[in-house]
Structure formats: structure tokens, C-alpha cells
Amino acid sequence: MNSVTPQLEILDTDRAERYRDLVGAAVAHTADRFAAVTTPTTDTPAATLRARVESIDLDAPLHSAEAAVDEVDGLFSAEAVWFHHPASLAHLNCPVALPAVAAEAVLAAVNPSVDTWDQSRIGTEIERRVVRWATETIGFADGDGVFTSGGSQSNLHALLLARQAATLRGPASGRRGRPSLDDLVVFATASSHFSVRKSAMVLGLPEHAVVDVATDAAGRMRPDALAHAIADARREGRTPMAVIATAGTTDRGCIDPLEPIADVCDLEGAWLHVDAAYGCGLLVSPTRRHLLDGVERARSVTADFHKSFFQPVSSSALLVRVPEDLGLAAWHADYLNPEDAEEPNQVDKSLQTTRRLDALKLWASLRASGAEAIGRAFDTVIDVAGRVHEHVRRHPELVLVAPTDLSTVLFRWQPDDVSDDDADALVAPLRAALLAEGRVLIAKTVIDGRPCNKLTLLNPGATEDQVVAALGHVAATARRLHVERQRSARHATETTGARR
Ligand SMILES: *Cc1c(COP(=O)(O)O)cnc(C)c1O
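Here is what the cut-offs are and how they apply
- Residues numbered from 1 in each chain as written.
- Predicted model: local features only at pLDDT ≥ 70, side-chain atom pairs only at ≥ 80, totals over all residues.
- Pairing = 2+ DSSP bridges.
- Helix = DSSP H or I, 4+ residues; strand = E, 2+ residues; numbered from the N terminus.
- Axes fitted to C-alpha atoms, helices over the stretch in contact; angles between N-to-C directions.
- Contact = placed C-beta atoms within 7 Å.
- Buried ≥ 20, exposed ≤ 12 C-beta atoms within 10 Å, placed from the backbone.
- Parallel < 35°, antiparallel > 145°, perpendicular 65-115°, else oblique.
- Left-handed = near helix turned anticlockwise from the far one by under 90°.
- Nonpolar A, V, L, I, M, F, W, Y, C, P; charged D, E, K, R; others polar.
- Core = buried A, V, L, I, M, F, W, Y, C linked by C-beta atoms within 7 Å.
- Domains from an automatic or database assignment.

Peer 1: Looking at this structure, I do not really get the sheet that holds strand β7 (residues 316-320). What am I missing?
Peer 2: Whether parallel or antiparallel, the strands of a sheet pair through hydrogen bonds between backbone atoms. Read from one edge of the open sheet, seven strands run β1-β7-β6-β5-β4-β2-β3, paired in mixed fashion. In this open sheet, the two strands that pair with only one neighbour each are β1 (144-148) and β3 (210-212). Here the average twist between neighbouring strands, direction ignored, is 20°. Where strand β6 (residues 300-304) lies against β7, five bridges are found, and the strand directions are antiparallel. Bridge pairing in β7 links T302 to L318. Seen against the sheet, helix α9 (residues 258-268) touches β4 (239-246) and β5 (272-276) and runs at an angle of roughly 170° to β4.

Peer 1: Mind showing me how you'd approach the environment of A270 here?
Peer 2: Tracing the chain through its elements places A270 in the loop between α9 and β5. The buried category is assigned to A270, around which 23 C-beta atoms lie within 10 Å. For the pair A270 and T239, spaced 31 residues apart in the sequence, the C-alpha separation amounts to 9.3 Å. Other than its neighbours up to four places away in sequence, A270 contacts I230, P240, A242, V243 and C265.

Peer 1: Would you take a moment to explain the packing of helix α6 (residues 151-168) against helix α7 (residues 194-202) for this structure?
Peer 2: In a packed pair of helices, the relevant descriptors are the angle between the two axes and the axis-to-axis distance. Contact pair α6 / α7: the axes reach a minimum separation of 9 Å and the direction vectors enclose 50°. By the angle class used here, α6 and α7 are oblique. Taken as a pair, α6 and α7 cross one another with a handedness that is right-handed. Of α7, the residues touching α6 (which contributes G151, S152, N155, L156 and L159) are S195, V196, S199, A200 and V202. Across the contact of α6 with α7, the residue classes tally to five nonpolar, five polar and no charged.

Peer 1: Help me understand the environment of T137 in this model?
Peer 2: For T137, the position within the fold is in helix α5 (residues 121-138). For the pair T137 and L107, spaced 30 residues apart in sequence, the C-alpha to C-alpha distance is 25 Å. Dropping the residues within four chain positions of it, T137 is found in contact with L283 and V284.

Peer 1: What exactly am I supposed to notice about the nonpolar core here?
Peer 2: The tendency in soluble globular proteins is for nonpolar side chains to be buried side by side. Within the largest apolar cluster, 115 residues are counted, with the highest numbers of intra-cluster contacts made by L89, V186, F187, V243, I261 and L272. Considering every element that reaches this core, the biggest residue donor is helix α12 (residues 371-394), with nine residues. Both domains that furnish three or more residues to this core are identified here as domain 1 (112-369) and domain 2 (373-491). Those residues within four positions of V186 in sequence are excluded, and the remaining contacts are L159, V196, A200, A209, V210, M241, A242 and I244.

Peer 1: For this particular structure, what's the right way to read the sheet that holds strand β8 (residues 398-402)?
Peer 2: Taken together, four strands build an open sheet; the order of strands is β8-β9-β11-β10 and the sheet is antiparallel. Of all strands in the sheet, those bounded by a partner on one side alone are β8 and β10 (443-447). On average, each strand axis in the sheet is tilted by 45° relative to the strand beside it, whichever way the strands run. With four bridges joining them, strand β9 (residues 408-413) and strand β11 (residues 450-456) adopt antiparallel strand pairing. Considered in β11, the bridge of F411 is made with N453. The sheet strands contacting α12 are β8 and β9, and the helix crosses β9 at an angle near 15°. Sheet contacts for helix α13 (residues 420-437): β9, β10 and β11; angle to β11, the most-contacted strand, approximately 40°.

Written out as C-alpha cells, the structure is:
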């Protein structure tokens, strides 16, 4: 055999030192990147990024793990988007807690899967303990739950359980028997996460199954409108399957009024799901925990630790008030988790089979600094967002589009002499121009039918001054684009005029 026959280097007893060296090299590269970051990303054109990736022949290996790690650094890390940069303001992607990053490195090497007890014994215990910590923090007397890949999956899982509860058990009256999928109604709002509608589609519900309940001016669900919507559905012979209250809507960062919504759900016997993917950090906030009052009355809760708990992706959980509810979606296989198994197999509770021990990262964070430190970090983000709202309100060229309970800033560049149409037309090009430049990253969305730009603050290290400076660059870029667009519009009119 040829001595350069490629070797697959498996991490094993013999390669403990190789592991130390190779991963050490990767960490050293990444540490150098962190130390040198000056912009949230680069200005490398999209076509160049694609060409670089395309130019690599995946069937022509480098025959060296070191070379592959170097290539990852030069190809990927050199062009990454950095969420710890104070001008990284586009999405709900957070900078990460260091102990969690260390735990992630452990997970990558040990490669546990928390599906069956025999693959993860201590991991299973750790996940169950972290879940219990989370349910106690919510205020469930005797809850349960399971880690998932993200809020979208947590919401899908919750809606599956609600669908099973509505269709398997049937209505208490049982007069017309079990409702069909066509009869089910999910009550949400226009501000609910898109995964609610997507989950309904996955679960085989018809499009009309998701009903948008009316909201107040800030986009929060109106409990009175919810009561009416449920009454209307019942009158039509339909069955309420779930009510989705959002604790931190993705665009507005607003929290639906949980207590009055829970009152309606209790009265109607409706499954209340609280989507706290974004707002879950409030659970550990020393000053704002009251914003989640009523969350303990939910039947199920989505928490994205990879948002407001500063955990690396992925780290989310579906948490339920009634442990037996998880059994609504249980399935058994002889080789994996037979029904008579005495061992606690987490796969009984999950939609996934092979599954990461993401709980270890939150465990490490809790052990390193405690929950309150996480809550204080989220508080800092919300405090800064409040001051940025004030700044935008006073800014001569920016218009604040909506208030927030958390940390988004919805705004439009629109000085007094700029029309609504011109301002709206600038929203998308502004975001694209900033992304191409890589110095300040912002998002765009549509609020009440009009486009606007959006900042999502999620970095406790970003100061008010830094965010204000980033906004200054946003406003200057908007003005420059506006002037350019006016000029080219004039030019177009003149050339058509000359041709005439
Ligand atoms: C982000 C978000 C989700 C989806 O979470 P992923 O982890 O991205 O799948 C669901 N609901 C809300 C309110 C969110 O903000």
C-alpha cells in the first residue's frame, strides 16, 4: 500500500495528543480572529465568496488535518459574521458565554447522544436536571421538557402535543366525537413567529386553521379579542387546539398579556403555549421577571437559550407543565426504547432520535456564573435598547416605528422632506448596502403594512454609544443612497425627456 494513502484520523485513545494539538491549533486561529475583529463582517463581494467555495475540489483532499484546519480558518473564519461586534445588530443571534463554548468543545469530542439512557447515562441525568431547573424557574410545580434544536422545533413539538390532545382525547363533551384536523383552530397573532404557521402546515392543518387574533397598537394580543375569536370558532363548530401567546415577538419584541390570556384559556379549557423563544431571558432577570407573570399557567413553553441566555447554537427547550403531555407524541421501537423499558430514555420525549446534549452548555454557564448573571446581561441589553429608542425619537432623520418590551429597534430613515414612498423604497437598499460594506449589520421587516429597518440588540457588551455610532453610520448611508437615487431618477427623467 502507498504510504500516502489517506488516513481517516479517528479521535481515540491513541490520538489524545493529536486531538490536543489539532483542536488547540483551531482554537488558536479562532482566538486570533476574535482578537482582531474590527467589523461585524467583511466587504468581500458575494460572488467572490461563492467562487472561493466553488473553487475547492471536495474530491481532492489536502491529506493533512492541519492544512484542513488552516483552510477552515482562511475560508470560513476570515469571512464570518461576528455577533460579539457592537455593530452586529441584524438578528436574534447572540454573542456566546465562554463556559458554554468550552462545554461545546467537550460535546464535539465526546459526541454523546441523549436519545437512550445507555448512550448517555450521566448526560441524561444532566439534561433532566437542567430541564427541571428551567421548569422550576418558569414556576411549574411539576413540569418536564426536552431540549430541541431551536424555537421552531419547540413550537412544532408544542403544537403536535396540542393537536394530539385535541384529536386523541377528543372534546370533554364528546358529543360529536373526535374533531378532525379540518376543525382545529390555532389562535395566534400577526406578530407570532412564522414557525407557528409553518408547524400548522407540517401538522396537516388547513391554512385557515391559524387565526390571527386582533392586537393592540403595539402588536400585543388582545385578550378580549381572543375570547371573541374562540367563541366565534365554537359557534362554527370548530375546536380550539391551541392559543399561542408570544413572550417577545420577533420584530417588535413585545410580550402578549400572559395573565389575561391565561384567564381566557382556563375558562375555555384551551391549550396555552407561550413562545418565549426571545423573551426567556426574562426568567432570570433580577429586574424584569414580572414581565413574564402568568407564564407558569401555560401548558407548554418554548425557550431559546441560544437567544437571550447567550448560549451557542443550538440550545432550546420545549417545557411542559404536565409531564404526561410529552407522552402524547411518544413512539416505541424494540431496538431503542421498548415500551416496558425501565431505563429513562429521553427519546420517549423528543421528536429527534440522535440528539445533542445541549443542556451541558447551559449547565456550564449556570455553574460558572449563575442564572442571575445571565439575567443581568439580558437586562443590560434591554436598558441599552431603551436608550437607543430615546435617541431615535430625538434623531432629526430617523423615525421610531414602534415601542418594544425587549431589545428591538424598529425605525425608518425619513427626514421631514422625504416622502413615505421614498422612505419605504430605501429600506431594502439600505440594508443591502450596509451588508455589502460589512461595517454595520441591520435587518428589515414590514410593520403595519409598511417596510422599515430593524436593529435587534442582543449583545450585553455593546454600549449605547457604540449602537448610537452605528446608527449614525446607518443614517449617513441612508442619506447618501437617497441622494444617489434622487440623482439617478432625475437623470432618467432628463434622458427620456431629451430623447423625446
Ligand atoms: C427566533 C424565534 C423562534 C424560532 O427559533 P429558532 O431557534 O430560530 O428556530 C420562534 N419564536 C420566536 C418568537 C422567535 O423569536
